[in-house]
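Chains, contacts and geometry: an overview
Each chain, letter by letter, is given below.
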Amino acid sequence: ASQTLDTRDYILVIGGLGFIGSHTTLELLKEGYNVVVVDNMSNSYDSAFVNIQRLAKKHWASKGVACPRLRLHKIDYRSHMMRTILGRYTVQDAVLSSIRLSHITGVIHFAAYKSVEESTQKPLDYYQNNLAGLIDLLVVLGDFGIQNFVFSSSATVYGSVLSKGGKPVREEQLIHHEAEAVSHDVDGQATTAAVPGATGLTSPYGRTKYFSEAVLADVALADPTWRITALRYFNPVGCEPSGRLGEDPRQKPTNLFPVVSQVLKGDRPSLDIFGTDWDTRDGTAVRDYIHVVDLARGHLAALAAAGSRPAEHAFRAYNLGTGEGSTVAQVVSCMEKAASRSVPVRQTWRRTGDVGFCVAATERAERELGWKTRLTLDDCAADTWRSRPSQALRATDFTVSRRSDM
Ligand code: WQD
């Protein structure tokens with residue numbers, strides 16, 4: 001039967017319509033990858049799919065080239081339907097026409113619940129979705145021989161290591177195996193690091209990420225044909241220049257940038273600053289705010305670099321951050337500049353579980369992924385201020401972009 005079989009390679013993006021997932025899906029398409037997205041829509045919108053398509057088509061139209069393929073399956077990644085979907089995209093010689101069907105050459109897994117506060121109220125939901133779901137997914141991917149796996153992790157896994165404060169945190173300060181302990185430094189000198197337990201992790205959410213990394217490290221140690229990458233995000237903020245993929249959480253936001261944005265839009269009377277007595281340059285807490293477009297690019301760099309990693313790096317964690325710390329007060333003034341209006345603030349007590357300083361050491365990602373951030377805190381503030389995520393793009397929306405990365 002002369003069926004038109006799709007023989008392309010695809011990247012599978014699980015949770016590919018969420019805040020970071022949608023930016024990564026767009027960057028993949030702009031880089032020329034075909035993408036199949038699985039998303040249960042629990043924290044994403046149809047408008048994200050429409051906007052990704054329009055932005056990707058515009059990118060390629062400017063080059064006179066057809067846009068790569070984007071497919072969407074609105075299912076939960078834990079559903080048995082995943083096997084059916086993977087079956088359509090995996091290597092199998094079609095006996096009749098003896099050609100290879102499409103092949104999934106990599107997976108990026110974003111789908112997880114991520115509210116620190118909610119995780120303390122509903123720990124089993126978090127362990128079921130974030131941890132048990134991951135384990136079942138790995139079994140399915142292993143059955144189909146899909147082993148280039150990029151995992152969305154978080155600086156929160158560093159737990160009590162962060163409370164020592166003051167210096168950028170390095171990946172080897174938290175490892176899961178002696179096998180990781182021998183990390184070859186820049187000059188090739190092997191160094192070893194203590195293997196910290198999951199001590200001092202501040203929430204069930206943080207523990208689901210820590211345990212997920214431990215599972216991934218065990219899988220890779222047992223079968224080094226895997227190439228598993230844990231990307232430890234610091235503080236993702238901003239959105240791509242059109243403003244249509246911005247953070248649009250179904251729940252009331254608690255993170256700093258969206259909260260300041262609400263105050264500026266008049267949806268909140270003022271910003272509560274959690275603690276002004278930290279040991280920092282202005283007394284407010286320091287974080288490493290990374291623009292979500294830079295973060296998305298980090299995933300592409302991790303996908304591309306996986307194949308050339310040695311077997312002893314079958315599992316490898318990378319910080320994705322700028323390496324620069326910014327205080328809450330600095331963020332407020334950047335946002336005030338972007339919106340040219342002031343932010344009323346109230347100085348309140350520290351938030352339970354907060355640390356005063358959390359900044360990435362970025363040497364490993366620069367050295368091994370050839371990746372580093374390009375966008376500044378001002379870009380993060382300007383793009384956050386302009387984001388209009390829930391509106392679908394219209395042709396007239398395509399203004400001339402102010403940056404070359406559009
Ligand atoms: C940033 C700074 C607050 C709100 C969280 C999660 C972490 C990760 C990233 C998933 C802190 C201060 C905030 C406000 C404030 N998520 N702040 N007033 O806490 O660094 O990390 O998001 O992986 O798991 O914990 O980010 O944006 O909540 O706070 O003063 O109304 O802003 O104290 O110093 P955080 P955040």
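- The name given to the chain in an unreviewed UniProt entry is NAD-dependent epimerase/dehydratase domain-containing protein, and the organism recorded there is Rachicladosporium monterosium.

**Topic: the sheet that holds strand β2 (residues 34-38)**
- One open sheet holds the 7 strands; their spatial order is β3-β2-β1-β4-β5-β8-β13, and the pairing between them is parallel. Two strands lie at the open edges of the sheet, namely β3 (70-73) and β13 (315-320), each paired on one side alone. Across this sheet, the average inter-strand angle for adjacent strands is 20°, counted without regard to direction.
- Bridging between strand β5 (residues 148-154) and strand β8 (residues 227-233) involves 7 bridges; their strand directions are parallel. Counted as the bridge partner of Phe 149 is Ile 228 from β8.

**Considering the site of the ligand**
- As a structural note, the neighbourhood of the ligand is formed by 19 residues, with Tyr 205, Leu 256, Arg 287, Arg 351 and Asp 354 the closest of them.
- Taking Tyr 205, its side chain carries an N or O atom lying 2.6 Å from an oxygen atom of the ligand.
- The side chain of Arg 287 places a nitrogen or oxygen atom 2.6 Å from an oxygen atom of the ligand.
- Taken by itself the ligand offers 680 Å² of open surface, and the protein chains cover 87% of this.
- Elements with a minimum of two residues in the shell around the ligand: α8 (256-264) and β10 (271-274).
- In terms of residues, the shell around the ligand owes the most to one element, β10, which gives 4 residues.

So, how was this worked out
- Residues numbered from 1 in each chain as written.
- Predicted model: local features only at pLDDT ≥ 70, side-chain atom pairs only at ≥ 80, totals over all residues.
- Heavy atoms only, no water.
- Pairing = 2+ DSSP bridges.
- Helix = DSSP H or I, 4+ residues; strand = E, 2+ residues; numbered from the N terminus.
- Axes fitted to C-alpha atoms, helices over the stretch in contact; angles between N-to-C directions.
- Near = heavy atom within 4 Å.
- Polar contact = N/O pair within 3.5 Å; in protein donor to acceptor, adjacent residues only side chain to side chain.
- Areas by Shrake-Rupley, 256 points an atom, 1.4 Å probe, with all protein chains shown as cover.

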